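# Coordinate analysis (summary)
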Amino acid sequence: MGQSLTQDMLWRKSVKMFDQSKSISDVDMRDILEATRLSASSFGLQPWKMVVVSSEDLKAKLADAGYRQKQFTTASYVVVLATYAQIDEVYVERFMQQIVKDRGVKRSELDDYAQAINTVLKQKSEREVVDWSSRQVYIALGTLLAAAAQKKIDASPMEGFDADAFDEILKLKSAGLCSIVAVGLGYRTKDDEYLAMDKVRFSYDDIVEAL
Ligand SMILES: Cc1cc2nc3c(=O)[nH]c(=O)nc-3n(C[C@H](O)[C@H](O)[C@H](O)COP(=O)(O)O)c2cc1C
């Protein structure tokens, strides 16, 4: 038995630079992304895409659009979590087809479900849909951070970047996607001064309200 998730969460830190002499194995990386893929989402719609960047050239370009944060250039991988600019009937239908495939049900049995989802989505403005789908992306982010911590792999979340520039660099716009949050993944280095700093968290009693 490994240690508890609580211990893993105590261990994890949003490191500010990674040890460039170490790289994450393909097996570990695949496992982290698989765990993230299995995240929960509203209606199960999974409105996310994980863009996995390992090319040094692309990482440097991302850093330029990300306040030159060292996490981008020193990470083994940068995963950019993106969402769809539009969650429309075509997307919902793609999801219905996945249910048909995974559960072996008839498409006609899903008519009411598809209609319910489309009705909810149509009540939202385009901006509200992106806000909503971004919230789903953050659930995936949480899974990714925990999955990495479980393997003692460091994962540093970042919102500090120019999202339009990222979309341009990663050619996301033409694919109907927009970047929401990025994560640098790698192994911590002793040279990172942030590691010496204690974790700052409100106490259990401050956060948990038992009624
Ligand atoms: C959504 C999100 C965006 C963040 N963006 C940045 C960032 O751009 N740069 C940075 O250095 N840290 C960033 N952080 C890291 C936070 O500052 C960090 O999680 C927080 O200070 C708690 O520290 P810990 O993660 O080491 O426990 C981000 C964290 C989250 C969850």
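See above for the structure.
So, a few notes on the structure that sits alongside this text. Everything numeric here is computed off the predicted structure, so don't read it as measured data.

As a further point, take the overall build of the protein chain. Of regular secondary structure, the protein chain possesses nine helices and four strands. Overall, the protein chain shows an N-to-C arrangement of helices and strands of α-α-β-α-α-β-α-α-α-β-α-β-α. The dimensions of the protein chain, computed from C-alpha atoms along their principal axes, are 60 × 50 × 35 Å. The buried share of the protein chain, reckoned over its 211 residues, is 30%.

A few words on the site of the ligand. Surrounding the ligand, one finds Lys13, Ser14, Lys16, Gln69, Pro157, Met158, Glu159, Gly160, Val181 and Lys199. Each residue belonging to the shell around the ligand can be placed in one class, and the counts come to three nonpolar, three polar and four charged.

The subject of this paragraph is the sheet that holds strand E3 (residues 154-158). Pairing within the open sheet is antiparallel, and its four strands lie in the order E1-E2-E4-E3. Of all the strands in the sheet, just strand E1 (49-53) and E3 have a single pairing partner and so form its edges. Strand after strand, the sheet turns through a mean of 25° between neighbouring axes, direction not considered. Note that E3 and strand E4 (residues 177-186) share five bridges and pair antiparallel. Pairing of methionine 158 across the sheet is with alanine 182, part of E4. Of the strands in this sheet, strand E2 (77-84), E3 and E4 are in contact with helix H7 (residues 126-150), which crosses E2 at around 155°.

This paragraph deals with the pairing of E4. Moving residue by residue along a regular strand, the side chains alternate between the two faces of the sheet. Burial within E4 is extensive, with nine of its 10 residues counted as buried. As judged from the eight bridges shared by E2 and E4, these two strands associate in the antiparallel manner. Bridging across to E4, threonine 83 finds its partner in cysteine 178.

Quick look at unusual backbone geometry now. Positive phi outside glycine occurs at arginine 68, with the angle close to 55°. Here arginine 68 is to be found in the loop between helix H3 (56-64) and helix H4 (70-74). The backbone phi angle of lysine 171 is positive, close to 55°, even though this residue is not glycine. If you trace the backbone, lysine 171 turns up in the loop between helix H8 (163-169) and E4. Judged by local crowding, lysine 171 falls into the exposed class, with 10 C-beta atoms found within 10 Å.

Time to look at the environment of arginine 127. With respect to the helices and strands, the residue arginine 127 is situated in helix H7. Each C-alpha atom of the pair arginine 127 and glutamine 86 lies 9.3 Å from the other, and the pair is 41 residues apart in sequence.

In this section: the nonpolar core. In this structure, Val78, Val79, Leu81, Leu144, Ala148 and Leu185 are the most contacted members of the largest nonpolar core, which totals 37 residues. Put simply, the parts of the chain that give this core at least two residues each are helix H2 (26-37), H3, E2, H7 and E4. Of the residues forming this core, the biggest block, eight residues, is contributed by H7. Leucine 81 has contacts with Trp48, Met50, Val137, Ala140, Leu141, Ile180 and Val181, leaving out every residue within four places of it along the chain. Ranked by size, the runner-up nonpolar core spans six residues in total, among them Val92, Ile117, Leu121 and Val130.

Spanning 15 residues, helix H5 (residues 89-103) covers 21 Å between terminal C-alpha atoms, matching the ideal 21 Å at 1.5 Å per step. Of the residues trailing H5, glycine 104 is marked for its positive phi of about 65°.

What follows concerns the environment of aspartate 192. Within the secondary structure, aspartate 192 sits in the loop between E4 and helix H9 (204-207). With 20 C-beta atoms counted inside 10 Å, the residue aspartate 192 sits in the buried group. Each C-alpha atom of the pair aspartate 192 and valine 105 lies 52 Å from the other, and the pair is 87 residues apart in sequence. If we skip the residues at most four places from it in the chain, aspartate 192 touches Val15, Lys16 and Met17.

The rules behind each value
- Residues numbered from 1 in each chain as written.
- Predicted model: local features only at pLDDT ≥ 70, side-chain atom pairs only at ≥ 80, totals over all residues.
- Helix = DSSP H or I, 4+ residues; strand = E, 2+ residues; numbered from the N terminus.
- Buried ≥ 20, exposed ≤ 12 C-beta atoms within 10 Å, placed from the backbone.
- Near = placed C-beta within 6 Å.
- Nonpolar A, V, L, I, M, F, W, Y, C, P; charged D, E, K, R; others polar.
- Pairing = 2+ DSSP bridges.
- Axes fitted to C-alpha atoms, helices over the stretch in contact; angles between N-to-C directions.
- Contact = placed C-beta atoms within 7 Å.
- Core = buried A, V, L, I, M, F, W, Y, C linked by C-beta atoms within 7 Å.
- Expected span 1.5 Å × (residues − 1).

By themselves, these figures tell us nothing about what the structure is for.
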